[in-house]
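Given next are the chains, with one letter for each unit.
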Amino acid sequence: RRHETRARASNDRSRAIAPVIASPVHMVRAKSGERAPLLPTGPSGAGAGGSEDVERGDDGSGDVERGDGAGKDMSSSSSSSSFGVGALAVASTVIWFATNISNNIALQDFHGDMLFDSVDVEPRLEAMTFVTLVQMVCGVVMAMVLKMFVPGGTDIVTLLKGGLSSAFIFALGTLHGFGSLATNMGFMFGSASFVQIIKLFEPWEMLTIDCVVKHWLGKPLQLSLGVVLSMAMIILSAVSLLVDKMNGGQLIGAVFAVSSGLMITSRIVFQKTFRLTEAKTGFAHSLDEYLLMTFNALLALFAAFLWQFTVSRTAANGVFVDIGDVIKLFRVELILFHPLYNLFSLLTLTFVASITHSLLNVSKRVIGLLITLAWFHEEVTPKILCSAGAAFIGGCWYTIEKRGAAAASIDSSCWRLAILERKPRKTSAPL
């Protein structure tokens, strides 16, 4: 009886401390003082991505002895699962590329159908503010519908309530909204291929802003000689492609496209540095951040649209762009494909590693450039093919170099200077 009593008491103590042992991540977070996410995660302890715990037997063992037949069944099941994930990744990538390129073509067609009389910015800005606003509305609706079927993540009310209470999140959403507006405005002054060429400068913009933020926070710049050379290769290739396309109207489009790149890359850098939710992978987490960004972008664009309408009505001529004419030119590719390619970009990222996603993004830009050139029957010369190929190689080289520098976790700058070293700052985002 005494032995049974001791065994029963020992089991009770084990059960009492089991929850603490089963949650070492929370203990480490509490001891290390790690910054909590700005927004609450999902109802499960693992957050919006779902539980990461390994399924185990009742005895707590992760490894179970199996016979040869069971081992073969497990191997076959694993192969089938890997094949299915690979097929989904390929399908997601193809849809991502197709919707993005179709959206670019639709924007150029919309520009031609609107028949703007001159290079005046005002009517184009009014029309594209309305178009971008509708794109954001579609994006919010799509994200809300998807959240009904995607397990995990934060419930919509809690997510949006937390986003509305944060000035930082609203600022990121504003960058997302006005960055998308500037991209659309680029198509109103330049061709789709021209905008794609300007977009080749985005890695340089991203690198510059990333280095500025890291220098301000006192973090390693991770700027190697390979990063500098690969970036120079991309820039020279883009400049070579721009030489024959620049004119008065295209110059205005270039200003909008470059502004778009600066706003979008700034949003990405700040979103990466100051996480909005816990830094976990998974489509549910990405969907939460996309919904937050798009909802706040919608609010910012709606305010801009009302301001434009008020100013135009109170001006001397009192003319505002005819919204009815704009709506008549709406196409699926123009309105729905913008949120779709953003969503499928996020979905692809859940299937592949971040470096693979970056390489796919480089491929998308080059493929989009070549397809739009062929679609609108623009001249494709050997010079254009060589420059596009060089931009692709430079983009791949840059992605690999940045990945290697990040893995090393050191500042490998080829011109490392003492003046660049600063005391680390806290990375908590302002609320």
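Before reading further, recall that the structure is shown in the block above.
Description of the structure in this document. Just so it is clear, the structure is predicted and the values come from calculations on it, not from any experiment.

Along the polypeptide, Leu301 turns up in helix α11 (residues 283–314). Separated by 127 residues in sequence, Leu301 and Thr174 place their C-alpha atoms 7.8 Å apart. Setting aside residues up to four positions removed in sequence, Leu301 forms contacts with Thr129, Thr132, Leu133, Met136, Gly177 and Leu181.

Under the criterion given, the structure shown has 1 cavity of 30 Å³ or more. Its boundaries defined by the atoms lining it, the largest cavity holds a volume of some 60 Å³. Lining the largest cavity, in full, are Leu200, Pro203, Ile234, Val362, Arg365, Ala391 and Gly395. The set of elements that each furnish at least two residues to the lining of the largest cavity consists of α15 (354–375) and α16 (382–408). Residue classes in the lining of the largest cavity are distributed as 5 nonpolar, 1 polar and 1 charged.

Their axes nearest at 9 Å, the elements helix α8 (residues 202–217) and helix α9 (residues 225–242) cross at an angle of 145°. In this structure, α8 uses Pro203, Trp204 and Leu207 to contact α9, whose residues at the interface are Val227, Met231, Ile234 and Ile235. When its residues are assigned to classes, the contact of α8 with α9 shows 7 nonpolar, no polar and no charged.

Moving on, we get to the packing of aromatic side chains. A full pass over the atoms with the stated rule returns 4 aromatic pairs. Consider the rings of Phe130 and Phe305, whose centres lie 5.7 Å apart with planes at 40°: the pair is tilted. Taken together, the residues Phe130 in helix α4 (residues 121–149) and Phe305 in helix α11 connect sequence positions 175 residues apart. By the burial criterion, Phe130 is buried, and Phe305 matches it. Ring centres of Phe130 and Phe330 lie 6.0 Å apart, and the angle between their planes is 15°; on these two criteria the pair is classed as stacked. Of this pair, Phe130 sits in helix α4 while Phe330 sits in the loop between α12 (323–328) and α13 (332–335), and the two are 200 residues apart along the sequence. For Phe130, a relative accessible area of 13% corresponds to the buried category. Aromatic rings pair up to connect Phe130, Phe305 and Phe330 into one cluster.

What follows deals with helix α5 (residues 156–164). Within α5 the residues assigned to the buried category are Leu159, Leu160, Gly162 and Gly163. For α5, the angular spread of the buried residues around the axis is 160°, confining them to a single face. In α5, the exposed positions angled more than 90 degrees off the buried face are occupied by Val157, Lys161 and Leu164.

Here we come to helix α7 (residues 192–199). By the criterion of burial, α7 is predominantly enclosed, with 8 of the 8 residues buried. Among the residues of α7, those classed as buried are Ala192, Ser193, Phe194, Val195, Gln196, Ile197, Ile198 and Lys199.

So, how was this worked out
- Residues numbered from 1 in each chain as written.
- Predicted model: local features only at pLDDT ≥ 70, side-chain atom pairs only at ≥ 80, totals over all residues.
- Heavy atoms only, no water.
- Helix = DSSP H or I, 4+ residues; strand = E, 2+ residues; numbered from the N terminus.
- Contact = heavy atoms within 4.5 Å.
- 1 Å grid on protein atoms, 1.4 Å probe; cavity = no way out; pocket = protein on both sides within 12 Å on 5 of 7 lines; lining within 4 Å.
- Points joined across faces, edges and corners; volume = space filled by probe spheres on them.
- Nonpolar A, V, L, I, M, F, W, Y, C, P; charged D, E, K, R; others polar.
- Axes fitted to C-alpha atoms, helices over the stretch in contact; angles between N-to-C directions.
- Phe/Tyr/Trp six-rings, centres within 6.5 Å; stacked < 30°, edge-to-face > 60°.
- Buried < 20%, exposed > 50% of the residue type's maximum accessible area, 1.4 Å probe, protein only.
- Arc of directions from axis to C-beta.

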